[in-house]
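# A closer look at the structure
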Amino acid sequence: MNKTLMLVICDFLLLSMLALARFDPPEESSTATLDATASSETAEAELISLLEESLKSELSSRQNLTKNLTETRESLQEKSRELAEREAALAASQSKLEATTAKAEELEKTKAQIEAEQTALMAKNVGIETERTQLAERFDIARTELEAAKNKEVKLVSTLGKLKEESSVAREKLNQSEAELSARDIALAERDAALKAAQEEAARLAAERETLNRLLEVAQAERRLLEQNLTAEQAEKVQLKLEKEQAFARAERLSENVSELGAGVSQLGQGVDRLDQGFSSIAQASQDIKNEIEAARPQTMSEIFTRFQNNRVSLRFSASEIGLLGAQNVRTYESKSILITDAKGAPYLVTHSAYSPFAFWKNPNKLLAVQLEITLGNRRFPVGQIGFLNADPRILFIPLPQTLLKASGLETFPLAQKPERWEEAILVKNDESNFGRNSFRRLTETERFLKMDRPVLGQLFADFASSRGDLAFTKNGQFIGILTDSKHAVAIDEFLAAAITQIGTKFDQLKNANTMYRLRDRVEQLPTEIQ
């Protein structure tokens, strides 16, 4: 039962009660009782009828409400469907609007490009019109000059006979002058070639003279040391000779003990031989000590850089590569190196792969062909293979035959077997642009790499800062290795190859690509700080 029905029932009850109430004085009890009973029955009947009517009205109202609610629910569902359809249509319209907007922007850009091209064409047309006007003016001038030239031609025809005679004489003189000039040019070329050869020979002789001067200084020092040793040896030999003479004199006086004296003389002769051997050993040891002292003598940065410049070797890679747009390009890579000898005396050249077509950040499948030419002294020759260093494959090395080393006359740099004996390294730029010193220390992860102590503010206030590809030397001129980046250098103690690649006519693109991918995996296995 809802509130509305309750209110209606309460209203009827209240009205019924007010209608049945009587406020006049009561009559006799019997009469009042009968009237009250009859009135009460009538009121109840009316109340029941009223309640039935109210209940029917409420039922009718409920049915109407239920019907209205059903119609409202159906109307809402229909409106929801219409709203969903409108939203879908709106989304489609929005996407079409965005597409139309993008297309309009593209059209605007195209329009701007067309307008710019039209402007350029208009400017070009203006230039063409200007050139046409200038050409017309030149044509008029040329026509005027042609007419004047025709007039001159008429005058020149009259003097042509005289000129022919003079021209024949002049032609003969010209031929003679040309012959003399050709002879002078040939002689001048021969003189230039002879002068150039003489200058090259003078430079070679100067270099040889400087080398001979250094060797002469070493020889003079050795001679002084040998003279001192010889003086000492001569004094000892004089003393031995005196002792020998005294022994022979004693032998003459003691004739009865000849056998014993002969044995003593034999022992004395053996002692002299042993003494001569000892002198030879002392001389050899003194030479070894001298060589060690010379090798351990610290050199200045300028001395090491001068040795580098006087004995440098040029490496020139020529590579055929596929460019960004698929075009085939030829690119050259150049770097400088020196002759390095290992413990067995075998010569090598080294460089960083970043200065070659085998840089590790390149795509090896785009490398089609590689050639390497080395300039060693005054000679150039191609190289057929290169090696990737086992300690760090990013370092390339090229083995050389001993015959080329001897023919070049260049000085070699031995490998430093104990670079940790020195607290600083001498660094030379790969392109010879600068050189300097830098302190270093061994890495804790591996002893094959050194860490360079860079300035706190880097290259901003430093006179020299290390960088990738720098060549590192000890203070006594021995070769340590190459910087793999700006902070770390690989210490080379032997030339052991992680891989060997054939170049030149034997270059194999697929084999090289597989080798480079394998070497990349090797580099990724190095400590993270070094990678």
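What counts, and at which threshold
Residues numbered from 1 in each chain as written. Predicted model: local features only at pLDDT ≥ 70, side-chain atom pairs only at ≥ 80, totals over all residues. Heavy atoms only, no water. Helix = DSSP H or I, 4+ residues; strand = E, 2+ residues; numbered from the N terminus. Buried < 20%, exposed > 50% of the residue type's maximum accessible area, 1.4 Å probe, protein only. Contact = heavy atoms within 4.5 Å. Pairing = 2+ DSSP bridges. Patch = residues over 30% accessible without salt bridge, like charges linked within 9 Å, V, L, I, M, F, W, Y side chains within 5 Å. Areas by Shrake-Rupley, 256 points an atom, 1.4 Å probe, with all protein chains shown as cover. Salt bridge = Lys/Arg side-chain N within 4 Å of Asp/Glu carboxyl O. Lys, Arg positive; Asp, Glu negative; His and termini not counted. Charge placed at Lys NZ, Arg CZ, Asp CG, Glu CD. Axes fitted to C-alpha atoms, helices over the stretch in contact; angles between N-to-C directions. Core = buried A, V, L, I, M, F, W, Y, C linked by side-chain atoms within 4.5 Å. pLDDT = per-residue confidence, 0-100. Phe/Tyr/Trp six-rings, centres within 6.5 Å; stacked < 30°, edge-to-face > 60°.

For the rest of this paragraph, the subject is the overall build of the protein. Within the protein, the secondary structure is distributed over seven helices and 16 strands. Split into buried and exposed, the 531 residues of the protein put 25% on the buried side. The long-range fraction of contacts in the protein, counting pairs at least 24 apart against all pairs at least 6 apart in sequence, stands at 67%.

Pairing between strand E10 (residues 424–428) and strand E11 (residues 435–442): five bridges, direction antiparallel. In the sheet register, Ala-425 faces E11, and the bridge partner there is Asn-438. Joining the antiparallel neighbours E10 and E11 is a turn of six residues, in which Glu-432 adopts a positive phi near 65°. The pairing of E11 with strand E12 (residues 449–452) spans three bridges and is antiparallel. Bridging across to E12, Phe-440 finds its partner in Met-452. In this antiparallel pair of consecutive strands, E11 and E12, the connection spans six residues.

This part takes up the environment of Lys-418. Locating Lys-418 in the fold gives a position in the loop between strand E9 (413–414) and E10. The class for Lys-418 is exposed, based on a relative accessible area of 54%. On a C-alpha basis, the gap between Lys-418 and Thr-474 in space is 9.5 Å, while along the polypeptide they are 56 residues apart.

In this sheet, strand E15 (residues 488–491) lies alongside E12 in antiparallel orientation, the contact comprising three bridges. When the bridges of E15 are listed, Leu-450 appears paired with Ala-489.

With respect to the helices and strands, Leu-389 occurs in strand E7 (residues 385–389). Each C-alpha atom of the pair Leu-389 and Val-350 lies 9.4 Å from the other, and the pair is 39 residues apart in sequence. Setting aside residues up to four positions removed in sequence, Leu-389 forms contacts with Ile-395, Phe-397, Val-490, Ile-492, Glu-494, Phe-495, Leu-496 and Ala-498.

The next point concerns a negative patch on the surface. Together, Glu-105, Glu-106, Glu-108 and Glu-115 make up a region of like negative charge exposed at the surface. The residue Glu-108 is located in helix H2 (residues 29–158) in this model.

Here we take up the sheet that holds E15. Pairing between the strands of a sheet comes from backbone hydrogen bonds, and it takes one of two forms, parallel or antiparallel. Read once around its circumference, the closed barrel built from six strands follows the order E10-E11-E12-E15-E14-E13, with strand pairing classed as antiparallel. Going across the sheet, the axis of each strand differs from the next one's by a mean of 40°, ignoring polarity. Contacts from helix H5 (residues 301–310) reach E10, E11 and strand E13 (471–473) within the one sheet, and its direction differs from that of E11 by about 105°.

With 57 residues, the main nonpolar core has Phe-358, Leu-372, Ile-374, Ile-398, Phe-473, Phe-479 and Phe-495 as its most contacted residues. With five residues, strand E5 (residues 367–376) is the single largest residue contributor to this core. When residues no more than four places from it in sequence are discounted, the contact partners of Phe-495 are Ile-340, Asp-342, Tyr-348, Val-350, Leu-389, Phe-397 and Leu-415. Listed in part, the 12 residues of the second largest apolar core include Leu-427, Leu-450, Ile-480 and Leu-483.

Let us look at a nonpolar patch on the surface. Residues Leu-14, Leu-15 and Leu-18 make up a contiguous nonpolar surface patch of roughly 320 Å² in combined accessible area. For Leu-18, the location among the structural elements is in helix H1 (residues 3–20).

Our next topic: the confidence of the model for the protein. When pLDDT is averaged across the protein, the result is 81; 82% of the residues are at 70 or more. Here residues 29–34 scores under 50 on pLDDT; set against residues more than four positions off or in separate chains, the count is zero contacts.

Right, let's get into the pattern of salt bridges. Enumeration over the complete set of coordinates arrives at 15 salt bridges. Close ionic contact of Asp-140 with Arg-143 constitutes a salt bridge, the shortest N to O distance being 3.3 Å. Of this pair, Asp-140 and Arg-143 both sit in helix H2, three residues apart, which is roughly one turn of that helix. The exposure class of Arg-143 is partly exposed, given its relative accessible area of 45%. Here Arg-394 makes a salt bridge to Asp-392, at a shortest N to O gap of 2.9 Å.

With that settled, consider the packing of aromatic side chains. Under the criterion given, the structure shown has eight aromatic pairs. Ring centres 5.6 Å apart and planes at 50° place the aromatic pair Phe-397 and Phe-495 in the tilted group. With Phe-397 in strand E8 (residues 395–399) and Phe-495 in the loop between E15 and strand E16 (497–502), this residue pair connects regions lying 98 residues apart in the sequence. Phe-397 gets classed as buried once you look at its relative accessible area, which sits at 5%. What makes Phe-495 buried here is its relative accessible area of 12%. A network of ring pairs unites the aromatic residues Phe-308, Phe-413, Phe-473 and Phe-479 as a single cluster.

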